[in-house]
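The primary structure of each chain is shown beneath.
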Amino acid sequence: MRDEKKTKPQLIDELSEMRRKVDSLESAGVYRKQAEELSRGSKSKYQLLVDNLAQPLTVYDSDGLIIYLNGTAAGNFGIEREQAIGKYLHDFFPLDFADTYV
């Protein structure tokens, strides 16, 4: 049905429905933004916790490539964290020892 053939009440109803949809989309955007902010806050808290653990924590892939390590683990290696990320466990441990963990 073309707009020219619609009655004024039909057009008003259609406009009202569009406004409700716009309001709904705007509300969804606000909720999404709030959820993203909460997620960022949770990630920051988690990162702070992991970075400051007293226990060494090293994350590596199935090939032994170091993806992450906390400060305690870096201290155990005797290097800065940035120096270990991107290297392999084999770079720090004897081959047979590193292979037990990969």
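Caption draft 1: Here's a closer look at the overall build of the protein chain. When helices and strands are tallied, the protein chain shows 4 helices and 2 strands. If you list the helices and strands of the protein chain from N to C, you get α-β-β-α-α-α. Projected onto its principal axes, the C-alpha positions of the protein chain cover 85 × 25 × 20 Å. Scored against the burial criterion, the 102 residues of the protein chain give a buried share of 13%. Expressed as a percentage of contacts within the protein chain between residues at least 6 apart in sequence, the contacts between residues at least 24 apart total 14%. Accessible surface, the protein chain as shown: approximately 8,200 Å² in total, 57% of it carbon and sulfur. For the protein chain, the distance from the average position of its 14 positive side-chain charges to the average position of its 17 negative side-chain charges is 14 Å.

Caption draft 2: Region of the structure containing the nonpolar core. Of all hydrophobic cores here, the largest spans 8 residues; its members are I66, L69, A73, A74, F77, A84, L89 and A98. Of all elements in the fold, only β2 (66–69) and α2 (71–77) reach the threshold of two or more residues within this core. A total of 3 residues in this core trace back to one element, the largest contributor, which is α2. Setting aside residues no more than four positions away along its own chain, L69 makes contact with L57, T58, A74, F77, R81, A84 and I85.

Caption draft 3: Structural view of the packing of aromatic side chains. For the structure on display, the rule yields 3 aromatic pairs. Aromatic ring contacts, followed pair by pair, group F77, F92, F93 and F97 into a single cluster.

Caption draft 4: Region of interest: the pattern of salt bridges. Applying the stated criterion across every chain, the model contains 4 salt bridges. Linking R32 and E36 is a salt bridge whose minimum nitrogen-to-oxygen distance equals 2.9 Å. Pair noted here: R32 and E36 are both in helix α1 (residues 8–51), with a separation of 4 residues, about one helical turn. The residue R81 makes a salt bridge to D51 at a minimum N-O spacing of 3.6 Å.

Caption draft 5: Highlighting the pairing of β2. By the bridge criterion, 3 bridges tie strand β1 (residues 58–60) to β2 in an arrangement that is antiparallel. Along β2, the bridge assignment pairs V59 with Y68. What sits between the antiparallel neighbours β1 and β2 is a turn of 5 residues, in which G64 has the positive phi angle 90°.

Caption draft 6: Region of interest: the side chain of N70. Assignment of secondary structure puts N70 in the loop between β2 and α2. Assessed through its relative accessible area of 0%, N70 is described here as buried. Once residues lying within four places of it in the same chain are set aside, the contact partners of N70 are V50, D51, L53, Q55, P56, L57 and R81.

Caption draft 7: Structural view of the environment of G64. Note on placement: G64 falls in the loop between β1 and β2. Each C-alpha atom of the pair G64 and I85 lies 11 Å from the other, and the pair is 21 residues apart in sequence. Once residues lying within four places of it in the same chain are set aside, the contact partners of G64 are K87, Y88, L89 and V102.

Here is what the cut-offs are and how they apply
- Here, residues in each chain are numbered from 1, in the same order as that chain's written sequence.
- Only residues with pLDDT of at least 70 are given local features in this predicted model, and only at 80 or more are side-chain atom pairs given and counted; all residues enter the totals for whole chains, interfaces and linings.
- Only hydrogens and water are removed before side-chain values are computed, so all heavy atoms of the structure are retained for them.
- Secondary structure elements follow DSSP: runs of H or I no shorter than four residues count as helices, runs of E no shorter than two count as strands, and numbering proceeds from the N terminus.
- Accessible area is worked out with a 1.4 Å probe on protein chains only. A residue is then buried under 20% of its type maximum, exposed over 50%, and partly exposed in between.
- Working rule for contacts: check all heavy atoms of both residues, and any pair within 4.5 Å makes them a contact.
- Computed with the Shrake-Rupley method and a 1.4 Å probe, the accessible areas treat only the protein chains shown as cover for residues.
- This count recognises Lys and Arg as positive and Asp and Glu as negative, with His and chain-terminal groups excluded.
- Positions of charges follow a simple convention, taking NZ of Lys, CZ of Arg, CG of Asp or CD of Glu.
- For the purposes of this section, nonpolar cores are sets of buried Ala, Val, Leu, Ile, Met, Phe, Trp, Tyr and Cys residues that join through side-chain atoms within 4.5 Å.
- Centre distance within 6.5 Å is the pairing criterion for rings of Phe, Tyr and Trp, where only the six-membered ring of Trp is used; planes under 30 degrees apart are then read as stacked, over 60 as edge-to-face, and the remainder as tilted.
- The working definition used for a salt bridge is a side-chain nitrogen of Lys or Arg within 4 Å of a carboxyl oxygen of Asp or Glu.
- Criterion used throughout: strands pair if DSSP finds at least two bridges between them.

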